[in-house]
Amino acid sequence: MYNCAKCPGYCCSYPLIQLTKRDVERLAKHFGLTFEKAQKKFTTSNWEAKYAMRRKKDKIFGGICQFFDTDARRCTVYEARPAICRSYPGGRCGYYDFLSHERRAQDDETFIATTFSKLEKDNMAK
Ligand code: SF4
Ligand code: SF4
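Keep in mind that what you see is a predicted model, and the values were worked out from it rather than measured.

> Looking at this structure, I do not really get the packing of aromatic side chains. What am I missing?
The description of an aromatic ring pair uses the distance of the two centres, along with the angle that the planes make with each other. The final tally for this structure, using the stated rule, is 7 aromatic pairs. Ring centres of phenylalanine 31 and phenylalanine 42 lie 5.1 Å apart, and the angle between their planes is 45°; on these two criteria the pair is classed as tilted. Of this pair, phenylalanine 31 sits in helix H1 (residues 21-31) while phenylalanine 42 sits in helix H2 (residues 35-42); the two residues are 11 residues apart in sequence, bridging distant segments of the chain. Owing to a relative accessible area of 37%, phenylalanine 31 belongs among the partly exposed residues under this scheme. For phenylalanine 42, a relative accessible area of 5% corresponds to the buried category. By the ring-pair criterion, three or more aromatic residues cluster together here, those being Tyr10, Phe61, Tyr95 and Phe98. For lysine 21, the ring lying beneath its charged end belongs to phenylalanine 35, and the centroid distance is 5.5 Å.

> I keep staring at the site of ligand 2 and nothing clicks. Help me out?
Around ligand 2 lies a shell formed by Cys12, Ile17, Met53, Cys65, Phe67, Phe68, Cys75, Val77, Pro82 and Cys85. For the shell around ligand 2, the residue count by class is 10 nonpolar, no polar and no charged.

> Which parts of the structure should I look at to understand the site of ligand 1?
Surveying the vicinity of ligand 1 reveals the residues Tyr2, Cys4, Cys7, Tyr10, Cys11, Tyr88, Pro89, Cys93, Tyr95 and Tyr96. A class-by-class count of the residues in the shell around ligand 1 yields 10 nonpolar, no polar and no charged.

Definitions and limits used
Residues numbered from 1 in each chain as written. Chains lettered and ligands numbered in written order. Predicted model: local features only at pLDDT ≥ 70, side-chain atom pairs only at ≥ 80, totals over all residues. Heavy atoms only, no water. Phe/Tyr/Trp six-rings, centres within 6.5 Å; stacked < 30°, edge-to-face > 60°. Helix = DSSP H or I, 4+ residues; strand = E, 2+ residues; numbered from the N terminus. Buried < 20%, exposed > 50% of the residue type's maximum accessible area, 1.4 Å probe, protein only. Lys NZ or Arg CZ within 6 Å of the ring centre and 35° of its normal. Near = heavy atom within 4 Å. Nonpolar A, V, L, I, M, F, W, Y, C, P; charged D, E, K, R; others polar.

So this is what it looks like as structure tokens:
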């Protein structure tokens, strides 16, 4: 149905990755930090979410989760990843369907289709 190993990581580039308190606790334990230090280091807070995943720049999507290896295109905290990452995509991955369709259309198995305009990418990098 989908193969994360062949995907550039669309789901990890989502602008808001919302964590729970339990997620922050798990990350704190994983890195041997206090809850407060992990909260400060790994999350930001805004009107949408108390614990929003910090992001970093990415050459493909503009911005991506801080824990994403942007060269290997994979998660670096798989064992300690948040609940939302564990539950996604559930059954079928819409992003992977989109990617597969574009790769077939381009007849190129390495093609990376982006779903974002340059303006969106610039905004997502912020
Ligand atoms: S977008 Fe889908 S295929 Fe790609 S990494 Fe996420 S879950 Fe895997
Ligand atoms: S924690 Fe891992 S799986 Fe979740 S968004 Fe970040 S890189 Fe992706």
